[in-house]
Amino acid sequence: ACTQSLGLTRRLGDQHALYANLSTAFETPSTTEFDNPSGGGFNTDLESQKSKNFEVGARGRFLLDPVGVDYEVAAFHIDIEDALVPFELAAFPEREFYRNAGAGVRNGLEAAIGVEFSDTLELALSYTWSDFRYRDFEAAGGDFSGNRIPGIPRHFGMIRLQYESPGGLFAELATRVVGRLYADDANRTTVGGYSTTGLTVGWRKAAGPWQLEPFIGVRNLFDEAYFANVRINAFGGRHYEPAPERLVFGGIRIGYAFP
């Protein structure tokens, strides 16, 4: 198998551009994914995942002195054949096997904005909308054609505020918002959405070729209860792996610039 790609870009002045991309890709199963659910050896029925990808978008920068605004927006469509899908069996509850879905389609929209208020303060926002579905997929558990592909939220967003003073003090506040998703091909098990916030504060100090960076931070600042990982098509409803509670961390980064 081979992959091809073609891209076109049309500039609109010095600060803006339109673009379009067309490509094909394939993903060969790993040795772990080749585990045979019927016994030992490799699963010879497992095929490589193949896809055709289409994307159009725009990117650029607005100069609104003293504020600079960078933006990018893109829409994509992906046709997939023989998608690699994980599942578990009652006889091997601790092992993950893979099978091919006949065909699938993935449509989405991505948008990102970065705002530079000054040399010390920046704001970044991003959002992704995803509509990923099986177009043709029949397996031992039923006909899943038309169902949402599990493990992918329809909505995902991020907001990040960064500050760095001329004296080296820096801080970052970031919030991630994840929409609900399905945990199984049948779309019977729903995992609720959540949002988490993290805060990091530190100080950068240069001394000759050395740079010291002590920092302290908090993950899951508001102690949100959510699932860090979802096991797709897990046997016995064991889909959920809870995330850590509020976590405080810190450290010192040391760098050296060689002449």
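Preceding this paragraph is the structure being described.
Counting of residues starts from 1 at the beginning of each chain's written sequence and follows it residue by residue. Residues qualify for local features only when their pLDDT is at least 70, as the model is predicted, and side-chain atom pairs are given and counted only at 80 or more; totals for whole chains, interfaces and linings, by contrast, use all residues. Here the side-chain values reflect all heavy atoms present in the structure, with hydrogen atoms and water set aside.

An account of the pairing of strand E15 (residues 210-219) is needed here, citing residue identities and associated values.
When DSSP finds two or more bridges between two strands, those strands count as paired. Strands are runs of DSSP state E lasting at least two residues, helices are runs of H or I lasting at least four, and both sets are numbered from the N terminus onward. Pairing geometry for strand E13 (residues 194-203) and E15, over four bridges, is antiparallel. Paired with Leu199 across the bridge in E15 is Val218. Relative to E15, strand E14 (residues 205-207) runs antiparallel, the two sharing three bridges. The partner of Ala207 across the bridge, within E15, is Trp210. Between E14 and E15, which pair antiparallel and follow one another directly, the connecting turn spans two residues, one of which, Gly208, has a positive phi of 65 degrees. For E15 and strand E18 (residues 247-256), the ladder comprises 10 bridges, and the chain directions are antiparallel. From the neighbouring strand, Ile216 faces E18, where its bridge partner is Gly250.

An account of the side chain of Asn220 is needed here, citing residue identities and associated values.
Along the polypeptide, Asn220 turns up in the loop between E15 and strand E16 (227-230). Accessibility here uses a 1.4 Å probe with only protein chains present; expressed as a share of the type maximum, an area under 20% marks a residue as buried, one over 50% as exposed, and anything in between as partly exposed. Take Asn220: its relative accessible area is 7%, and that puts it in the buried class. Once residues lying within four places of it in the same chain are set aside, the contact partners of Asn220 are Thr196, Thr197, Tyr226, Pro244, Glu245 and Arg246. By the convention used here, residues are in contact when the closest approach between their heavy atoms is within 4.5 Å.

Mind laying out the nonpolar core, listing which residues take part and the relevant values?
The criterion is simple. A nonpolar core is a set of buried Ala, Val, Leu, Ile, Met, Phe, Trp, Tyr and Cys residues joined through side-chain atoms within 4.5 Å. Within the largest apolar cluster, 12 residues are counted, these being Phe76, Ile78, Ile80, Ala83, Val85, Ala101, Phe132, Tyr134, Phe137, Phe144, Ile149 and Ala186. Counting only elements with at least two residues in this core, the list comes to strand E4 (67-89) and strand E6 (121-136). Ranked by size, the runner-up nonpolar core spans five residues in total, among them Leu181, Ala183, Val191 and Val230.

Describe unusual backbone geometry, with residues and values.
With an omega dihedral of 10 degrees, the bond running from Asp65 to Pro66 counts as a cis peptide bond. Along the chain, Pro66 falls in the loop between strand E3 (49-64) and E4. In the Ramachandran plot, Asn187 falls in the positive-phi region, its phi being about 60 degrees despite a non-glycine side chain. Position of Asn187 among the secondary structure elements: in the loop between strand E11 (181-182) and strand E12 (190-191). Even without being a glycine, Asn233 presents a positive backbone phi close to 55 degrees.

Give me the layout of surface pockets: which residues, what numbers.
What the largest pocket holds in volume is close to 330 Å³. In this analysis, the protein atoms alone were mapped onto a 1 Å grid. Cavities are point sets where a 1.4 Å probe fits without being able to get out; pockets are open sets with protein on both sides within 12 Å along at least five of seven lines; lining residues have an atom within 4 Å of a point. If you trace the largest pocket, you find 18 residues lining it, with Thr196, Thr197, Gly198, Arg219 and Asn220 closest to the centre. Secondary structure elements with two or more residues in the lining of the largest pocket: strand E10 (169-178), E13, E15 and E18. The greatest single-element share of the lining of the largest pocket, amounting to five residues, is contributed by E13. Grid points are joined across faces, edges and corners, and a volume is the space filled by probe spheres set on the points.

For the pairing of E3, give the residues involved together with the corresponding values.
With 12 bridges joining them, strand E2 (residues 16-27) and E3 adopt antiparallel strand pairing. By the bridge assignment for E3, Thr24 is matched with Lys52. Where E3 meets E4, 15 bridges bridge the pair, whose relative direction is antiparallel. Bridged to Val56 within E4 is Ala75. Between E3 and the antiparallel strand that follows it, E4, lie two residues.

Tell me about the environment of Val105, and name the residues and values.
Its place among the elements puts Val105 in strand E5 (residues 92-116). Along the chain, Val105 and His77 lie 28 residues apart, while their C-alpha atoms are 7.3 Å from each other. Not counting residues up to four positions away in its chain, the partners in contact with Val105 are His77, Ile78, Asp79, Asp131, Phe132, Arg133 and Arg135.

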